[in-house]
Amino acid sequence: MIKNIVFFKSPKINSDNEIDDPYYQNFKNDGYNTEFIKVLVIDYNYDNLKYLYDNGSDIEYFGIIFTSSNSIKSIDSFLSSFSKENNNCKYDQETQFFINNKLKFKNIYIIGETSCNLFIKVFGKYISQNLIVVESNATDLAKRITIDYNNNNQNENNNNNNNNNSNNNNNKKPLLYFCGNQRREELPTYLNNNNIQLKELITYQSQVSNDSINDILNLVKRVLQSNTIMEIYWLVFFSPSGVDFVMETIDNQLSTLSLSRTSFFNNKIKVAAIGKTTENSLKNYNIKVDIVSPFPNAQSLFSAISNYSSTE
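Everything numeric in this text was worked out from a predicted model, so none of it was measured.

Calculation rules
Residues numbered from 1 in each chain as written. Predicted model: local features only at pLDDT ≥ 70, side-chain atom pairs only at ≥ 80, totals over all residues. Heavy atoms only, no water. Patch = residues over 30% accessible without salt bridge, like charges linked within 9 Å, V, L, I, M, F, W, Y side chains within 5 Å. Areas by Shrake-Rupley, 256 points an atom, 1.4 Å probe, with all protein chains shown as cover. Salt bridge = Lys/Arg side-chain N within 4 Å of Asp/Glu carboxyl O. Helix = DSSP H or I, 4+ residues; strand = E, 2+ residues; numbered from the N terminus. Pairing = 2+ DSSP bridges. Axes fitted to C-alpha atoms, helices over the stretch in contact; angles between N-to-C directions. Contact = heavy atoms within 4.5 Å.

K.L.:
Account for a nonpolar patch on the surface, with residues named and values stated.
P.N.:
A contiguous nonpolar surface patch, about 380 Å² in accessible area, is contributed by Met1, Ile229 and Met230. Residue placement: isoleucine 229 occurs in the loop between α8 (210-225) and β9 (231-237).

The following block contains the structure:
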């Protein structure tokens, strides 16, 4: 059996410019032909972060939200560049000042183990990890925020009543959502429906890569031209935006060839999703999802695919 696996993400590269990615290592060692296709190019947007840096100390937030590693990386990159622009290379000092003086918050809400680990790596020494709440998808995170928010309001109302204080302004603290220009609607919609104020701060832009389009077109060509039944392709999707881009590119190519989607998504193709939100995005395209990785890491995906393959 010829085993292929395509990861719709950028690989991690070491200092020698070689692939040093756990997804690559796990599957390569098990005999898979591995391929990475970078679906989107990320550009950091410093303008909003600069404004927050200059003016952010007046607002107290109930919490801050990260649904992507890119938003965490954008803040890290901004603080690094901002220090250099001001001839101040004391990154630790700048970061501590930004986190503790410019951002006032009670909780930190993050989607995914990978993003949480990155946040702790970058900002862990400046913030108590007890403030961090992690959920695996946007809906569960929104539900958790709503519970915490309502409980906090109830506690503050009780305190105000006990102190004969009728001022409930503290109950209306907003949340600050660091996000990209293609962020999903699930979390903002859920919070809005529960009367929770959300301030969005776009810190990065997702852009289409022409190289990625060519790589996806070549993938479609290889699958369509494969004439052996002893070959399998695992397609691994990491984000809803990646799903949209890949599916649009595949559909456009199939349409050009006057072929249906089922001509590509045949018995050779198996689909894996990282997270429930990504799974739901695939289902919106009527794509059968064979595996949902229990956790957003390489070992979890490898175990899930290995278990699936052993029962085939």
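K.L.:
Break down unusual backbone geometry for me, with residues and values.
P.N.:
Of note in the backbone geometry, asparagine 195 takes a positive phi value of approximately 60° without being a glycine. The topology assignment puts asparagine 195 in the loop between α7 (186-193) and β8 (198-208). One non-glycine residue with positive phi stands out, namely asparagine 286, at about 60°. By the element assignment, asparagine 286 lies in the loop between α10 (276-284) and β11 (291-293).

K.L.:
Could you give me a rundown of the sheet that holds strand β10 (residues 269-274), with the residues and numbers involved?
P.N.:
If you walk across this open sheet you meet the five strands as β2-β1-β9-β10-β11, and the pairing is parallel. The strands lining the two open edges of the sheet, one partner per strand, are β2 (33-36) and β11. Put simply, the sheet's adjacent strands are angled 20° from each other on average, direction ignored. Bridge count between strand β1 (residues 2-7) and β2: four bridges; the pairing is parallel. Across the sheet, residue valine 6 finds its bridge partner in β2, namely glutamate 35. α8 rests against β1, β2, β9 and β10 of the sheet, and its axis sits at about 150° to β9.

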